[in-house]
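Residue-level listing of the chains:
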Amino acid sequence: MSTNSKAAQAVTRKPPAGALKAYIASLTGTSLEYYDFAIYSVASALVFPKIFFPGNDEFVSLILSFSTYAVGYFARPIGGIVFGRLGDKIGRKYVLVFTLLLIGIATVLIGALPDYSVIGIAAPAILVLLRLAQGIGVGGEWGGAVLLSSEFGDPNKRGFWSSAAQIGPPAGNLMANGVLAILAASLSSEAFLSWGWRVAFLASALLVVFGLLIRLKLEETPVFKAIQAHGDRPKAPIKEVFTTQPKALIAAALSRICPDILYSLFTVFVAVYATKELGMTTGNVLAAILIGSAFQLFLIPLAGALTDRFNRRLVYGIAAAGTAAYIPVFFLMIQDKSVLTLTIGVVIGLAFHAFMYGPQAAFITEQFPARLRYAGSSLAYTLAGVIGGGFAPIIFTALYGSAHGGWLLIAGYLLLAAIVTIVGMAIGRDPHIEEEERLLQESHA
């Protein structure tokens, strides 16, 4: 091994002093933002059809509500393009501060929004605009949060370090479902629909302030500092990604499809299926999702670390294949209408999700060179989110409500999603850290 190579490893394999702080900042920031996103997800299934989209046809109201849920995914590419470009040009830190503010303000305003009975059609119209703002913020948040933790950490252990941002969704989901479960259990159905759900949205104001205090104290990542020192910041990062990294963009985007659809099944649609088909209460379903999300807090970093020891693409692909096999088993096992069985089923389903989602951040960022990481990762994440998570609740509802519907069609949908993600693994690349090692070595010379 050459002296230069040893020096590079000395720089990269010992995490800088700010690595743990960046990991915590990435985890807490995304947790707060996904808390906002998660309470909207649950409310779109259980609350909004009744207060923002009232009508004689309950099925149509549900479809309309899920359509506003999808708007958040459709808006993500806007955030990916705008903030992805800025993240590669001006740095990770300040972009992440702005995305946190954008989502937080939109969520508080949703909590204060009068319903259809008060302001009529203006209520769902404003709801869509606020959901749009949430989606734009999340679209710019993810890429920066991943880079914040992974670029402070050891590139040889990127699966673990980048998992910080991946813990955000289940942590946020845990907080959101916990708050909603407490409100649903302590209030009557009328009180919960009237004002109880608003408490969860308004409370995010305190959480956002906490997140801002953490992020404003952070330094810029060592990798971006090195890019700055070399004068290698891209002038048009979005254009460069499309013209020079098309294969990487496709592989990274396809990797998102199965995890996104699976997550929508076990955190959004399961609330509809269990309450309407199995006759369970809202509290039963929220408790099951809560427990599944709690397990994910440990499984996601575990899965990320596991793929630092074994081939990342192989572990990811096995989890996708396991998902396709598990979905029919899940629907068969919950037909006994037992709350315990439902809970076990959701825990296992979210465990499969964790073993794809944990290493996902590392896999996606590794497809792009360091100077294009924010733009490339954000584009892949947000564009795939439209196809995956954005349409998923609507497709689930349509399949469930069709004349020949039922869970078999939903299982087929997940099978197709798993195949698409496995194709993404096949055409993607394994990590190449030599460029980053050289960049960091030269910046420390």
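Data block above holds the structure.
Residues numbered from 1 in each chain as written. Predicted model: local features only at pLDDT ≥ 70, side-chain atom pairs only at ≥ 80, totals over all residues. Heavy atoms only, no water.

Caption draft 1: Layout of the overall build of the protein chain. Counting its regular elements, the protein chain contains 21 helices and 0 strands. Residue burial in the protein chain is summarised as follows: out of 445 residues, 59% are buried. A sequence separation of at least 24 residues applies to 85% of the contacts in the protein chain between residues at least 6 apart. Summing over all exposed atoms, the protein chain offers an accessible surface of approximately 16600 Å²; the carbon and sulfur share of this is 70%. Each charge class in the protein chain was averaged separately, 31 positive and 25 negative side chains, and the resulting centres sit 5 Å apart. (Helix = DSSP H or I, 4+ residues; strand = E, 2+ residues; numbered from the N terminus. Buried < 20%, exposed > 50% of the residue type's maximum accessible area, 1.4 Å probe, protein only. Contact = heavy atoms within 4.5 Å. Areas by Shrake-Rupley, 256 points an atom, 1.4 Å probe, with all protein chains shown as cover. Lys, Arg positive; Asp, Glu negative; His and termini not counted. Charge placed at Lys NZ, Arg CZ, Asp CG, Glu CD.)

Caption draft 2: Quick peek at the packing of aromatic side chains. By the definition in use, this model includes 17 aromatic pairs. Each ring, one from Tyr-326 and one from Phe-330, has its centre 6.2 Å from the other, and the planes form 45 degrees; the classification is tilted. Placement of the pair is Tyr-326 and Phe-330 together in helix H16 (residues 312-333), with a separation of 4 residues, close to one helical turn. Of the residues examined, Tyr-326 reaches a relative accessible area of 8% and is grouped as buried. An aromatic cluster of at least three residues, connected via ring pairs, comprises Phe-266, Phe-269, Tyr-273, Tyr-326, Phe-330, Phe-331, Phe-352, Phe-396, Trp-407 and Tyr-413. Above the ring of Tyr-381, the side-chain terminus of Arg-256 is found at 3.5 Å from the ring centroid. (Phe/Tyr/Trp six-rings, centres within 6.5 Å; stacked < 30°, edge-to-face > 60°. Lys NZ or Arg CZ within 6 Å of the ring centre and 35° of its normal.)

Caption draft 3: Examining the side chain of Thr-382 more closely. Relative to the helices and strands, Thr-382 is located in helix H18 (residues 373-390). At 2.7 Å, the side chain of Thr-382 forms a polar contact with the backbone oxygen of Ser-378. Apart from the residues within four sequence positions on either side, Thr-382 is in contact with Tyr-73, Arg-76, Pro-77, Gly-80 and Gly-139. (Polar contact = N/O pair within 3.5 Å; in protein donor to acceptor, adjacent residues only side chain to side chain.)

Caption draft 4: Structural view of the packing of helix H2 (residues 19-46) against helix H9 (residues 163-186). Here H2 crosses H9 at 45 degrees, and the two axes come no closer than 6 Å. Between H2 and H9, the interaxial angle falls into the category oblique. Where H2 crosses over H9, the handedness of that crossing is right-handed. Its residues assigned to classes, the contact of H2 with H9 shows 17 nonpolar, 8 polar and no charged. (Axes fitted to C-alpha atoms, helices over the stretch in contact; angles between N-to-C directions. Parallel < 35°, antiparallel > 145°, perpendicular 65-115°, else oblique. Left-handed = near helix turned anticlockwise from the far one by under 90°. Nonpolar A, V, L, I, M, F, W, Y, C, P; charged D, E, K, R; others polar.)

Caption draft 5: Here's a closer look at H2. With 28 residues, H2 extends 40 Å between its outermost C-alpha atoms, agreeing within 8% with the 40 Å of an ideal straight helix rising 1.5 Å per residue. The buried fraction of H2 amounts to 24 of the 28 residues, a majority that puts the element mostly inside the structure. (Expected span 1.5 Å × (residues − 1).)

Caption draft 6: Main features of the pattern of salt bridges. Counted under the stated rule, the structure contains 6 salt bridges. In this structure, Arg-371 engages Glu-240 in a salt bridge whose closest nitrogen and oxygen atoms are separated by 2.6 Å. With Arg-371 in the loop between helix H17 (339-366) and H18 and Glu-240 in helix H13 (residues 237-244), this residue pair connects regions lying 131 residues apart in the sequence. Here Arg-312 makes a salt bridge to Asp-308, at a shortest N to O gap of 3.2 Å. Since its relative accessible area comes to 7%, Arg-312 is described here as buried. Through salt bridges with shared partners, a single network forms among Asp-308, Arg-312 and Glu-366. (Salt bridge = Lys/Arg side-chain N within 4 Å of Asp/Glu carboxyl O.)

Shape is all these values report; function is a separate question.
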